[in-house]
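As a plain string of letters, each chain reads:
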Amino acid sequence: MNIASFAPLAVLLPILGAALTFLLIRQPRAQRTVSIALLSVTLLLECWLLASVWEGGTAAVNIGGWLPPWGIVMVVDQFSSLMLVVSSSVSLAVLIYATGQGMADGDRDAPVSIFHPTYLILVAGVSNAFLSGDLFNLYVGFEILLTASYVLMTLGGTGPRIRAGVTYLVVSVVSSVLFLIAIAMIYGATGTINMADLAVKLADLDQGTQNLLHVMLLVAFGIKAAIFPLSFWLPDSYPTAPAPVTAVFAGLLTKVGVYAIVRTETLLFPGDTFNTPLMVAALLTMIVGILGALAQSDIKRLLSFTLVSHIGYMVFGLAMSSVAGLGAAVFYVAHHITIQTSLFLVTGLIERRGGSSSVDRLAGLAKLSPLLAVLFFVPAMNLAGIPPFSGFLGKLGLLQAGVQLGTPLAYALVAGGVLTSLLTLLAIARVWNRAFWRKPEDAEHPDPVLLAAPGDSATGDRAGKTNVTLLPRTMVGSTLGLVIFGVGLTVFAGPLFKVADQSAFDMLDRTAYIQAVLGEDPPVPAISQPEPQEVSK
Amino acid sequence: MGAITKSALVPFHFWLPGAMAAPTPVSAYLHAAAMVKAGIYLVARLAPGFADTPYWLPVVLGLGLATMLVGGYRALRQTDIKLILAYGTVSQLGFLTMVVGLGKPDAALAGLGLLLAHGLFKATLFLVVGIIDHQAGTRDIRKLSGVYRSSRALAIVAAIGAASMAGIPPLAGFVAKESVFEAFVHYGTGSGAGPWGLLILVGLVLGSILTFAYSARFMWGAFAVKPGVESTPFKPIKPAFLAAPAVLSLLTIVYGLWPAPVDGWVQPYAALFVPDGEDPAAAAGHLALWHGVTPALGLTALTFALGLAMFFGRNAVSRLQGLVPGWIDGDRTYQLAIGALDDAAVWITGRTQRGSLYFYLSVILTVAFVLPLTALVLANKALPEDLYFVDPNSPLQIVAGAGIVIGALAAVRANKRFLAVLMVSVTGYGIALMFALQGAPDLALTQMLVETIILVAFVLAMRSLPAELRDRTGGKYRVVRVIIGAAFGITMVFVAIFALGARVAAPVSLEFPKLAYEGGGGLNIVNVTLVDIRAWDTFGEISVLALAATGVASLIFVRSRGEGIRASSTVAEGSVGRRSPGGSRGNTRDDATLAMSRRFAASSRDAWIVAGRTLAPERRSIIFEVVTRLIFHSIIVFSIYLLLAGHNFPGGGFAGGLTAGLALTVRYLAGGRFELREASPVSAGTLLGIGLATAAASGLVPLLLGGQVFQSAIIEFWLPVFGDVKFVTSTIFDIGVYTVVVGLALDVLRSLGAEIDEHFEEQSEEPAGDQEPGGVPAETTAKGKA
Amino acid sequence: MSVNLTLLTVMGALYACGIYLLLERSLTRVLLGLMLLTNATNLLILTTGGYAGLAPMFSKDTAAGDYNDPLPQALILTSIVISFAVTAFMLGIIYRTWVLAREDEIQDDAEDRRVARTPSFDVEDDSVIPVETSEFPLTMIGSDGQSVSDVPAGAEATVQVADRTLDADKAASEEQPGSLNVTPPNKEGGGQ
């Protein structure tokens, strides 16, 4: 039997876990065990998928045994399985972090009984979006993860969270409506919603209609991926959620949008019709986003802006339609998921340790908690693209591809990319200098926690003692794990780039994907006889 | 190529000294030895591939040189010995970048040699600074005096490091720097480089002179006896403290005297570069202490001479530096630039990040119609031919359509909350009618049920909100809203016309009837599509439902999931929703009515429904209770029929679940929140869990049996009463769907109904009694519609 | 494919009304607008099924093309249910907003407003290199790096540590989201 037929388990297992955690609603401990165990199993399964795809090439699974284009297919290729592995690793780390926080807070802030099922379904939705080979099912995957994110974002129901939740919810629903409109238009024009089938049939349409459908999909995904000028909602909504929730949103949700755009640009509408507008959008996203980051004083908001800004890099990469560019973009997505999530997790720790996430109120954290400083420093430098980290390698790959392309616009983007990384470094260095190194007395509104600290607590084990009470081991441990995972991306950058380039090649080539779904010889649509369905077991 | 700018080169070198405010050992470790070196290492790794691109050399050499000179210049101005080292590091980084970036084999060799040497001596020196700081309590060269006398060992260790930095033989720094000069002399005088090569060489020598000068300044500043400064109190150093820098400086000496092993390590790297074709000798670089009398040696001598001169003329030099106007000073310029940048950032952010949902949506929707419109105009196509207003199969659609539009316009105009809700419901029901007219009975049924439940939920949730619905946006905005709305609507109509008109292929769904009947074993094609062909969609969708239910509960209950409503038997009779007589300013007429209704309710207190007795008498309606009693079970039975028959007739899990939800709604409205608990012994969360688990299991089992996920099977067997029964396993999945939908309905009623009831009662029990205006009692409003 | 203009016109009208309602500060209207938008989209999907036809109940004598297209119907059903879920959730939000703020209105983001008002960043913010020439103030450190103070590092400090742990705990448990930082600082940390 084909290994790929186990791919739907990446969605099914978390939902099964959600069902179990619903039933275990009064036993938080059991809930924790179930969700961590199921997510770990899912991660192992996905690693196995990645390995098998690396050897055996793209594979598709027909759900319920219904042949495409009638049934729903899930497609496992290198890109999707890579995204699965990275996203599940990140979600697992965040889950452990969140349970740590829940335990430390005495479950005050996040009613655990709700958190676990919701979180698991969120993971399922993300995986579904990565795997889906059916446009409408992609929509369903988006809806799953969005609904889960509405619930997670409004956890606790405080004023700011509800306010942010409204912004987020309304914008997301509008983007979903736009996506659904685009699906309807595409079905109207082609009579199918299977993506491989669409790849064949869209080509039969005239260019004008193709562009029309193309642009409608791009607008819908552009909102989800937060591309300028469709990005303003993001920094208003993400930062107010609880730290682990923000972390997983920042890491995964926009990337799902980017993933959808990549599929649109490579599978459905190949070619370079929209490269120029996409590049312009990428440039504006980078610059406006990073300027926004410079204007912030709150770390979470600052990071949200850098998140938007760095989406620009990915769009830049995919807009080049070259193996080098797309490969670098794939690498960058994997890198950015990990790094952005770790930074938000660290910010959560900073908030616990320093009592605030605003740089106006933080100071001297390096002496209070050297471990925290290291945890922040490594991913922060990685984000800014300091060599030799993966952020540097990803950006370098993008810039190289840009230089290769050699058009004036590509050079403008290369310059913009360098500028953005410099400004990211500036923004991050500001946080680093102010929150970690200045004296508490120098802060504008120092938090009482910091002032209470004895001046020389850097020595001796006293600082260590308070760290234990303030920073639960599970939280620090999971953050540390993720930071190490991020460093691992650097260490194994070589093989990773190989996977990224190979997947970029496959995506631009398209035949692997289409043949995996529709068979070696794509059937002529319409009049063909339905294959006899074997439904007996 | 952009990468190089980031390894702390000009203009970004400022962060490095800033970050070096770190405690000394960390600083030494992070910056001198490892952190920044890693960047250089990367440049070194990249150089083999990049050296041929036309932008590489000017960028690397230019930036490297600038960094080297600026860093050295600034190091000469510092009074803190750590900052001297910090700026020295910046300078050395520029130096290293130039060398390794040159992309020639001999330079590569020299670069790696220098990299190693630098690591050794810079780590030594930082450790020395740490010791001085620790023992003397200061790092200021204006305060330090006579440290040499206090600790000779330390001074010697430091001197070795500093000498290596300055490039004095026979130390590591000399060996490395010698081969660097060698490489650049070769480059500068070789063909192809032209005047630039010489210029670079001059710059390099200048940089080395600065290096020599600040090395001397460091030694003098840290250790020398200064006239007029009293000698610094300096505590004796423990030997262990000194061990680390001593070992490092020992290595420096060994490396200088015997560079052969290092040479062996780095030769393979140098071999990566293609030697210049015209001069094969260029490849033959070596790290060695003595190269013979070469131009490089001459340059080294020149460096020493001028460096010494600069050191001895240090007062003149610093006077000269003081004369340089402030704006040339990098720091000032940098800060001004950053200030301007920040202003720009705030300005742009203030313009785009308005914090207003209205603004964000306007932008999004504008983009959403402008781009497709542009695409339409550019496509410049003729209208498709096959357009029609009246569907020959269903002319009534026009009437239904008019109804829908009128409902929508009325919803826009409505200034009463419930009127607006009702008007939106009208459009909803109109669309249900439209579905029916189009030939979609399942959709019509589901849409009707959903509209009804939503209407009830609306009324329940909004009973505490004011009845007025004011339009709070100004006239200017209203115009914008009309324009965006109309433009979007019209654009979508035309996009749809062109997109639908463009279809050439037959839809895949033509095969669905046959697939559904033969493969799915059902007559209702839509239902088979939902639970079998596209079961995966439905599976995702019920998890959305489960989430929404959870979400509503979490918003209303906030802290817990609120699983327990007490059993009705524990609740005092008539305690729910009791109004205190005379509470509202002694309105006697109300009181009379109240008394009357109580008498009526009390006189016929037969238990039609279980928890009816918990309601206050004035809230009870006997007729409603009787009707509820009569119809509840029939509705439940009907819902189960819909569920099971769904495979062959209109219905299915959704419709069935929604119907059961309506039955629960009726019970709740008649008997209040305790009745709701009686009606469903299982909690909503459990229902959601069981439903999801059933659905997931029905997907998982086929996989375990060797099929695909969600593969269905048809089982035929004989039952005594029913005769031959055809059972399709996808029905199990549908049962899961049914259960989740019931769970959702229960959760909505529990939260928006029961829990808000409780909020109400808590509020009215508060003495101040700030009565909510427009609080419509649930029963009276919702009864008519249920 | 033939296109039903009646359905499309109704759809267009619903979009226009929906967007008009959506661009409004009242949450109730926003929700009603969203409902109109999803209804309109369902109509659009319905239109892609072509002419009205027989209800898709299989019978052997009917040609496949005579039914109304069942696939769009299945999609609409999914979409109806999903928007039902979102509507229910949004109702919860509206009620919650009412409970919290006693108004049914969308508020602007306070932090965005604050940032937009920031006159200019203080240039000094970035020159954080303190003019400090030692991390080891002389009075506290003996030659061996130990404290020279007569009081062993126990007595006084323990109290301090305990005190600080307590305060820190309290402050951390407040765990305010970042954008709350514009509120007066005395809300947090519970007084020294």
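Everything quoted here is computed from the prediction, not taken from an experiment.

S.K.: Talk me through the overall build of chain C; I want residue IDs and the actual numbers.
M.R.: If you tally the helices and strands in chain C, you get five helices and one strand. Written out in order from the N terminus, the α and β elements of chain C read β-α-α-α-α-α. For chain C, buried positions account for 58% of its 192 residues. Pairs at least 24 apart in sequence give 47% of the contacts found in chain C among residues at least 6 apart. Accessible surface, chain C as shown: approximately 7200 Å² in total, 57% of it carbon and sulfur.

S.K.: So what's going on with the overall build of chain A? Which residues, and what values?
M.R.: Counting secondary structure elements, chain A contains 22 helices and two strands. By residue count, 76% of the 537 residues in chain A fall in the buried class. Restricting the contact set of chain A to residue pairs at least 6 apart, pairs at least 24 apart contribute 81%. With the model as given, the accessible surface of chain A reaches about 13000 Å², and the carbon-plus-sulfur share is 65%.

S.K.: A description of a nonpolar patch on the surface should follow, citing residues and the corresponding values.
M.R.: Residues and elements named next belong to chain B. Side chains of Phe-389, Val-390, Leu-396, Ile-398 and Val-399 sit close together on the surface and give an oily, nonpolar patch of about 480 Å² of accessible area. On the secondary structure map, Ile-398 appears in helix α16 (residues 397-413). Judged by relative accessible area, which is 38%, Ile-398 ranks as partly exposed.

S.K.: Go over the interface of chain C and chain B, please, and point to the residues and values.
M.R.: Between chain C and chain B, the contact holds 106 residues from the first and 141 residues from the second. At the boundary of chain C with chain B, total buried surface from both sides reaches about 10800 Å², with 72% on carbon and sulfur atoms. It is Tyr-20, Leu-23 and Tyr-95 of chain C in chain C that bury the most area against chain B; as a group they hold 8% of the surface buried on that side. Taken together, chain C and chain B are joined by one salt bridge. Here Glu-24 of chain C makes a salt bridge to Arg-481 of chain B, at a shortest N to O gap of 4.0 Å. Seen at the junction of chain C and chain B, the total is 20 residue pairs in polar contact (both at pLDDT 80 or more). The leading source of residues in the side of chain C that touches chain B is helix α3 (residues 70-101) of chain C, at 23 residues. Per-class residue counts for the side of chain C that touches chain B are 61 nonpolar, 28 polar and 17 charged.

S.K.: How would you summarise the environment of Leu-43 of chain C if you had to cite specific residues and measurements?
M.R.: Summarising the element assignment, Leu-43 of chain C is placed in helix α2 (residues 27-47). The exposure class assigned to Leu-43 of chain C is buried, which follows from its relative accessible area of 0%. A sequence separation of 32 residues divides Leu-43 of chain C from Met-11 of chain C, and the C-alpha atoms of the two residues are 6.2 Å apart. Sequence-distant contacts of Leu-43 of chain C, defined by excluding residues within four places in its chain, comprise Ile-431 and Met-434 of chain B together with Leu-7, Val-10, Met-11 and Leu-14 of chain C.

S.K.: Please give an account of the packing of helix α8 (residues 207-225) of chain A against helix α19 (residues 475-501) of chain B that cites residues and values.
M.R.: At their nearest, the axes of α8 of chain A and α19 of chain B sit 10 Å apart, and the two run at 130° to each other. The pairing of α8 of chain A with α19 of chain B is recorded here as oblique in orientation. Between α8 of chain A and α19 of chain B lies a crossing whose hand is left-handed. Listed contacts from α19 of chain B to Thr-209, Leu-212, Leu-213 and Met-216 of chain A of α8 of chain A are Met-492, Val-495, Phe-498 and Ala-499 of chain B. A breakdown of the residues in the contact of α8 of chain A with α19 of chain B according to their chemical character gives seven nonpolar, one polar and no charged.

S.K.: An account of the packing of aromatic side chains is needed here, citing residue identities and associated values.
M.R.: The final tally for this structure, using the stated rule, is 36 aromatic pairs over all chains. Aromatic side chains Phe-142 of chain A and Phe-179 of chain A sit 5.7 Å apart centroid to centroid with 85° between the ring planes, which places their arrangement in the edge-to-face category. One end of the pair, Phe-142 of chain A, is in helix α5 (residues 135-153); the other, Phe-179 of chain A, is in helix α6 (residues 159-190), with 37 residues separating them in the sequence. Phe-179 of chain A shares its class with Phe-142 of chain A; the two are buried. An angle of 10° between the planes, with centres 4.3 Å apart, marks the rings of Phe-331 of chain A and Phe-497 of chain A as stacked. In this pair, Phe-331 of chain A sits in helix α13 (residues 323-354) while Phe-497 of chain A sits in helix α21 (residues 493-509), placing the two residues 166 residues apart along the sequence. We note that Phe-331 of chain A, like Phe-497 of chain A, is buried. Here the aromatic cluster, defined as three or more aromatic residues joined through ring pairs, consists of Tyr-150, Tyr-168, Trp-233, Tyr-238 and Phe-249 of chain A together with Phe-89 of chain C. If you follow Lys-224 of chain A out to its NZ or CZ, it ends over the ring of Phe-142 of chain A, 4.7 Å from the centre.

S.K.: Give a description of the packing of helix α12 (residues 299-319) of chain A against α13 of chain A that names residues and reports values.
M.R.: Residue and element names in this part refer to chain A. For the pair α12 and α13, the least separation of the axes is 9 Å and the interaxial angle reads 175°. Between α12 and α13, the interaxial angle falls into the category roughly antiparallel. On the side of α12, the interface is formed by Ile-299, Lys-300, Leu-303, Ser-304, Thr-306, Leu-307, His-310, Tyr-313, Met-314, Gly-317 and Leu-318, while α13 contributes Gly-325, Leu-326, Ala-329, Tyr-332, Val-333, His-336, Gln-340, Leu-343, Phe-344, Thr-347, Ile-350 and Glu-351. Across the contact of α12 with α13, the residue classes tally to 13 nonpolar, eight polar and two charged.

S.K.: Any chance you could break down the pattern of salt bridges for me, citing the residues and the numbers?
M.R.: This structure, assessed with the given rule, holds 13 salt bridges over all chains. Across the pair Glu-24 of chain C and Arg-29 of chain C runs a salt bridge, and its minimum N-O distance is 2.9 Å. When sorted by exposure, Glu-24 of chain C lands in the same class as Arg-29 of chain C, which is buried. Linked by salt bridges that have partners in common, Asp-134 of chain A together with Arg-534 and Asp-537 of chain B make up one network.

S.K.: Give a detailed account of the confidence of the model for chain C, specifying residues and quantitative values.
M.R.: Averaged over every residue, the pLDDT of chain C is 69; residues scoring 70 or more account for 61%. Below a pLDDT of 50 lies the segment residues 121-133 of chain C, which in the model reaches 26 contacts outside its immediate sequence neighbourhood of four places, other chains included.

S.K.: Run through the pairing of strand β2 (residues 73-76) of chain A, naming residues and quoting values.
M.R.: Residue and element names in this part refer to chain A. The side-chain alternation of β2 yields two buried faces, one formed by Val-73 and Val-75 and the other by Met-74 and Val-76. Summarising the sheet, strand β1 (residues 59-62) and β2 pair through four bridges and their orientation is antiparallel. Residue Val-61 lies in a different strand from β2, and its bridge partner there is Met-74.

S.K.: Account for the side chain of Lys-224 of chain A, with residues named and values stated.
M.R.: Residue and element names in this part refer to chain A. As for its position among the elements, Lys-224 is in helix α8. Glu-143 provides the closest opposite charge to the buried, salt-bridge-free Lys-224, at an N-O distance of 5.3 Å. In this structure Lys-224 touches Phe-142, Leu-146, Ser-172, Ser-175, Ser-176, Phe-179, Trp-233, Leu-253, Thr-254 and Gly-257, once residues within four positions along its chain are discounted.

S.K.: I'd like a description of unusual backbone geometry, backed by residues and values.
M.R.: Where the residue is not glycine, phi is negative for most of them; where a peptide bond is considered, it is trans in most cases. The peptide bond linking Pro-68 of chain A to Pro-69 of chain A adopts the cis configuration, its omega dihedral lying at 5°. In this fold, Pro-69 of chain A is placed in the loop between β1 and β2. Cis rather than trans, the peptide bond between Phe-228 of chain A and Pro-229 of chain A has omega equal to 0°. Structurally, Pro-229 of chain A can be placed in the loop between α8 and α9 (233-237). In this structure, Asn-380 of chain B is a non-glycine residue whose phi angle is positive, near 50°.

S.K.: An account of the side chain of His-335 of chain A is requested, with residue identities and associated values reported.
M.R.: Residue and element names in this part refer to chain A. Relative to the helices and strands, His-335 is located in helix α13. A distance of 3.5 Å separates a polar side-chain atom of His-335 from the backbone nitrogen of Gly-391. For His-335, the residues in contact, after removing those within four places along its chain, are Asn-382, Ser-390, Gly-391 and Leu-489.

S.K.: Any chance you could break down α6 of chain A for me, citing the residues and the numbers?
M.R.: Residue and element names in this part refer to chain A. Its 32 residues give α6 an end-to-end C-alpha distance of 46 Å, which sits within 8% of 46 Å, the value for a rise of 1.5 Å per residue. Taken across its 32 residues, α6 has 30 buried, putting it largely inside the fold. The positive-phi residue at the C-terminal boundary of α6 is Gly-191, with phi of around 80°.

S.K.: Help me get a handle on the environment of Val-177 of chain A, residues and values and all.
M.R.: Examined against the element boundaries, Val-177 of chain A turns out to sit in helix α6. Residue Val-177 of chain A is classed as buried on the basis of its relative accessible area of 5%. Distance from Val-177 of chain A to Ala-220 of chain A, taken between C-alpha atoms, is 8.2 Å for residues 43 residues apart in sequence. In this view, Val-177 of chain A contacts Leu-37, Thr-38 and Thr-41 of chain C; residues no more than four positions away in its chain are not counted.

S.K.: Break down the confidence of the model for chain A for me, citing the residues and quoting the values.
M.R.: Residues and elements named next belong to chain A. Per-residue confidence for chain A gives a mean pLDDT of 84; residues scoring 70 or more make up 89%. Confidence, expressed as mean pLDDT per element, reaches its minimum in chain A at helix α19 (residues 462-470) with 46 and its maximum at α5 with 94. Predicted confidence for residues 453-468 stays below pLDDT 50, and this span has 23 contacts to residues more than four positions away or in other chains. Taken as a whole, residues 523-537 scores under 50 in pLDDT and shows 28 contacts with residues more than four places along the chain or in a different chain.

Criteria and thresholds
- Residues numbered from 1 in each chain as written.
- Chains lettered and ligands numbered in written order.
- Predicted model: local features only at pLDDT ≥ 70, side-chain atom pairs only at ≥ 80, totals over all residues.
- Heavy atoms only, no water.
- Helix = DSSP H or I, 4+ residues; strand = E, 2+ residues; numbered from the N terminus.
- Buried < 20%, exposed > 50% of the residue type's maximum accessible area, 1.4 Å probe, protein only.
- Contact = heavy atoms within 4.5 Å.
- Areas by Shrake-Rupley, 256 points an atom, 1.4 Å probe, with all protein chains shown as cover.
- Patch = residues over 30% accessible without salt bridge, like charges linked within 9 Å, V, L, I, M, F, W, Y side chains within 5 Å.
- Salt bridge = Lys/Arg side-chain N within 4 Å of Asp/Glu carboxyl O.
- Buried area = accessible area lost by both parts, 1.4 Å probe.
- Polar contact = N/O pair within 3.5 Å; in protein donor to acceptor, adjacent residues only side chain to side chain.
- Nonpolar A, V, L, I, M, F, W, Y, C, P; charged D, E, K, R; others polar.
- Axes fitted to C-alpha atoms, helices over the stretch in contact; angles between N-to-C directions.
- Parallel < 35°, antiparallel > 145°, perpendicular 65-115°, else oblique.
- Left-handed = near helix turned anticlockwise from the far one by under 90°.
- Phe/Tyr/Trp six-rings, centres within 6.5 Å; stacked < 30°, edge-to-face > 60°.
- Lys NZ or Arg CZ within 6 Å of the ring centre and 35° of its normal.
- pLDDT = per-residue confidence, 0-100.
- Pairing = 2+ DSSP bridges.
- Lys, Arg positive; Asp, Glu negative; His and termini not counted.
- Expected span 1.5 Å × (residues − 1).

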